[in-house]
Amino acid sequence: MDLTNTTDNEDLKAAKDEVKSSLPPITNLKLWQWWLLVFLNIGFLLIGQGVAVLLLRSYYEKGGHCNWAATLAQNAGFPFLFIPFILFPSIKEPSTTCPRIILMLIYVGLGALFACGNLMHSVGLEYLSTSTYSCICATQLVFSAVFSFFINSQKCTILILNSIIVLTLSAILVGVSGHPTKQVSQAKYTLGFVATIGASALYALLLSLTQLSFQKIIKKETFAVVLELQICTSIVASCVSLAGLFASGEWRLLEGEVMNFHDGSLSYAMTLILTAIAWQICSVGAVGLIFVVSSLFSNVVSTLALCLSPLAAAIAFDHSLKGAKIMAVLMGIWGFTTYVYQNCLDDHEAKNKHTDDKPPECSC
């Protein structure tokens, strides 16, 4: 009798938790709701990443040069993510068996890595043009395939291998044929190239570790957990960035940077504020795609944004796209296309397998 009562109490508690959550579990979504969520996150990632890269590059072109300040801007927009909790106060996280201390360690670890990756992205954007930076960042898909294979048990097919080779050649073509501008020395150009490669590898690793955390440790099934993870990791990353800003002494240069900014102090503030918001929207889309689909698919969409960034930069900053860069963009698009085609084949195979596994219906 006691065992029955205990079981009933647990079921009642679980039911209450489920009622309190205004966001249904992903597994309970209908097909059209799932696709709507996927496309919503794709939109967040494409728009957020495209706008953030252009704004951050604009920061450097108009006189900004504090890498730690740019890194802080990429992480400090997390208060923007509290808006859904304010508008929908009934949102409540589902219960989890994971100890809170373990969650905190995950958030601290991922947040510190995010700060390091964003710093390397800032260095890359300072010394490279937007088109060069975007083409080199396309190598994150290569690193994603490697990390997904070893960390997330993602299979590597001929089409994925083809995508890896094409994107690698695309990045090499950009690196070999690229030339520094008049304001950037060859040494700084090389530093920007290496920093961007390192940032791409770290970003791919972070996506795989995030997916592993969702699947093996967090095990929560509402979209609210995406916001929680992004908020907590951004707080940690902001603290690391703030510590780096003061430890490096760059904070002493901020007053002069604001005064000498090309379009004035208001433009300086708005550039960094909008950059912070855009990066948070991008991050929510990236983490959301990891949660709903996989880290591999999240990186595929991110690579698509990178392929489109040089075209946007050519319009926004009047940069030229000639010769090797055009070829690199086309190779990046080709690598992305083969990756998407492989995902379509995997979906088709999974549907066929699911149909074959269904028991035959009774004809009586």
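Higher on the page you've got the structure.
No experiment lies behind these values; they were computed from the predicted model shown. (Residues numbered from 1 in each chain as written. Predicted model: local features only at pLDDT ≥ 70, side-chain atom pairs only at ≥ 80, totals over all residues. Heavy atoms only, no water.)

### Thoughts on the overall build of the protein chain
Then, number 1: Summing up its helical and strand segments, the protein chain has 14 helices and 0 strands in all.
Then, number 2: Along the protein chain, helices (α) and strands (β) appear in the sequence α-α-α-α-α-α-α-α-α-α-α-α-α-α when read from the amino end.
Then, number 3: Within the protein chain, residue pairs in contact and separated by at least 24 positions form 86% of the contacts whose partners lie at least 6 positions apart.
Then, number 4: Of the roughly 18400 Å² of accessible surface on the protein chain, a fraction of 69% belongs to carbon and sulfur atoms. (Helix = DSSP H or I, 4+ residues; strand = E, 2+ residues; numbered from the N terminus. Contact = heavy atoms within 4.5 Å. Areas by Shrake-Rupley, 256 points an atom, 1.4 Å probe, with all protein chains shown as cover.)

### Side note on the packing of aromatic side chains
Then, number 1: For the structure shown, the criterion picks out 6 aromatic pairs.
Then, number 2: Between Tyr-59 and Tyr-60, the aromatic rings sit 5.0 Å apart at their centres with planes inclined by 65°, giving edge-to-face as the arrangement.
Then, number 3: A relative accessible area of 0% means that Tyr-59 is categorised as buried.
Then, number 4: Judged by relative accessible area, which is 8%, Tyr-60 ranks as buried.
Then, number 5: Put simply, the rings of Tyr-59, Tyr-60, Phe-261 and Tyr-268 pair up and form one aromatic cluster. (Phe/Tyr/Trp six-rings, centres within 6.5 Å; stacked < 30°, edge-to-face > 60°. Buried < 20%, exposed > 50% of the residue type's maximum accessible area, 1.4 Å probe, protein only.)

### Details of the pattern of salt bridges
Then, number 1: Applying the stated criterion to the full structure yields 3 salt bridges.
Then, number 2: Between Glu-61 and Arg-57 there is a salt bridge; the shortest N-O distance is 3.4 Å. With Glu-61 and Arg-57 both in helix H2 (residues 31-61) and 4 residues apart, this pair spans about one turn of that helix.
Then, number 3: Residue classification places Glu-61 among the partly exposed residues on the basis of a relative accessible area of 39%.
Then, number 4: The partner of Lys-62 in a salt bridge is Asp-263, with the nearest N and O atoms 2.9 Å apart. (Salt bridge = Lys/Arg side-chain N within 4 Å of Asp/Glu carboxyl O.)

### Overview of helix H9 (residues 186-218)
Then, number 1: Taking 1.5 Å per residue as the helical rise, H9 with its 33 residues ought to reach 48 Å, and the 45 Å between its terminal C-alpha atoms agrees with that figure.
Then, number 2: Taken from the residues just after H9, Lys-219 is the one with a positive phi, measuring 55°. (Expected span 1.5 Å × (residues − 1).)

### Let's talk about a nonpolar patch on the surface
Then, number 1: A cluster of nonpolar side chains, Ile-101, Ile-102, Met-104, Leu-105 and Ile-217, forms an exposed patch at the surface whose accessible area comes to about 420 Å².
Then, number 2: You can see Ile-101 is positioned in helix H5 (residues 100-127). (Patch = residues over 30% accessible without salt bridge, like charges linked within 9 Å, V, L, I, M, F, W, Y side chains within 5 Å.)

### A closer look at the environment of Gly-285
Then, number 1: Note on placement: Gly-285 falls in helix H12 (residues 265-292).
Then, number 2: Given a relative accessible area of 0%, Gly-285 falls into the buried group.
Then, number 3: The spacing of Gly-285 and Gln-49 is 236 residues in sequence and 9.4 Å in space, taken between C-alpha atoms.
Then, number 4: Those residues within four positions of Gly-285 in sequence are excluded, and the remaining contacts are Asn-41, Phe-44 and Leu-45.

### Considering H12
Given 3.6 residues per turn, any residue in an α-helix points the same way as the ones three and four places further on.
Then, number 1: For H12, built from 28 residues, the straight-helix expectation of 40 Å at 1.5 Å per residue is met to within 8% by its first-to-last C-alpha distance of 41 Å.
Then, number 2: Here H12 lies mainly inside the structure; 20 of its 28 residues are buried.

### Description of the packing of H5 against helix H10 (residues 224-247)
Then, number 1: Their axes nearest at 7 Å, the elements H5 and H10 cross at an angle of 55°. Between H5 and H10, the angle falls in the class oblique. Read as a crossing pair, H5 and H10 show a hand that is right-handed. Residues Arg-100, Tyr-107, Val-108, Leu-110, Gly-111, Ala-112, Phe-114 and Ala-115 of H5 touch H10, and the partners they reach there are Glu-228, Leu-229, Cys-232, Thr-233, Val-236, Ala-237, Val-240 and Ser-241.
Then, number 2: Among the residues forming the contact of H5 with H10, the class breakdown is 11 nonpolar, 3 polar and 2 charged. (Axes fitted to C-alpha atoms, helices over the stretch in contact; angles between N-to-C directions. Parallel < 35°, antiparallel > 145°, perpendicular 65-115°, else oblique. Left-handed = near helix turned anticlockwise from the far one by under 90°. Nonpolar A, V, L, I, M, F, W, Y, C, P; charged D, E, K, R; others polar.)

### Looking at the packing of helix H3 (residues 67-75) against H5
Helix-helix packing is characterised by the crossing angle of the two axes and by the distance between the axes.
Then, number 1: One way to put it is that H3 packs onto H5 with a least axis distance of 9 Å and a crossing angle of 125°. Here H3 lies oblique to H5, going by the angle between them. As for the relative orientation of H3 and H5, their crossing is right-handed in sense. Residues Asn-67, Trp-68, Ala-70, Thr-71, Gln-74 and Asn-75 of H3 pack against Ala-115, Asn-118, Leu-119, His-121, Ser-122, Val-123 and Glu-126 of H5.
Then, number 2: Across the contact of H3 with H5, the residue classes tally to 5 nonpolar, 7 polar and 1 charged.

### Some points on the nonpolar core
Then, number 1: Ranked by internal contacts, the top residues of the largest apolar core, which has 58 residues, are Tyr-59, Phe-214, Leu-229 and Leu-289.
Then, number 2: Mapped onto this core, the elements with two or more residues apiece are H2, H3, H5, helix H6 (130-137), H9, H10, H12 and helix H13 (295-316).
Then, number 3: With 11 residues, H12 is the largest single contributor of residues to this core.
Then, number 4: The residues touching Tyr-59, leaving out its near neighbours within four places in the chain, are Gly-64, His-65, Cys-66, Ala-69, Ala-70, Glu-257, Phe-261, Tyr-268, Thr-271 and Leu-272.
Then, number 5: By size, the runner-up hydrophobic cluster in this structure holds 11 residues, among which are Ala-145, Ile-160, Leu-167 and Val-300. (Core = buried A, V, L, I, M, F, W, Y, C linked by side-chain atoms within 4.5 Å.)

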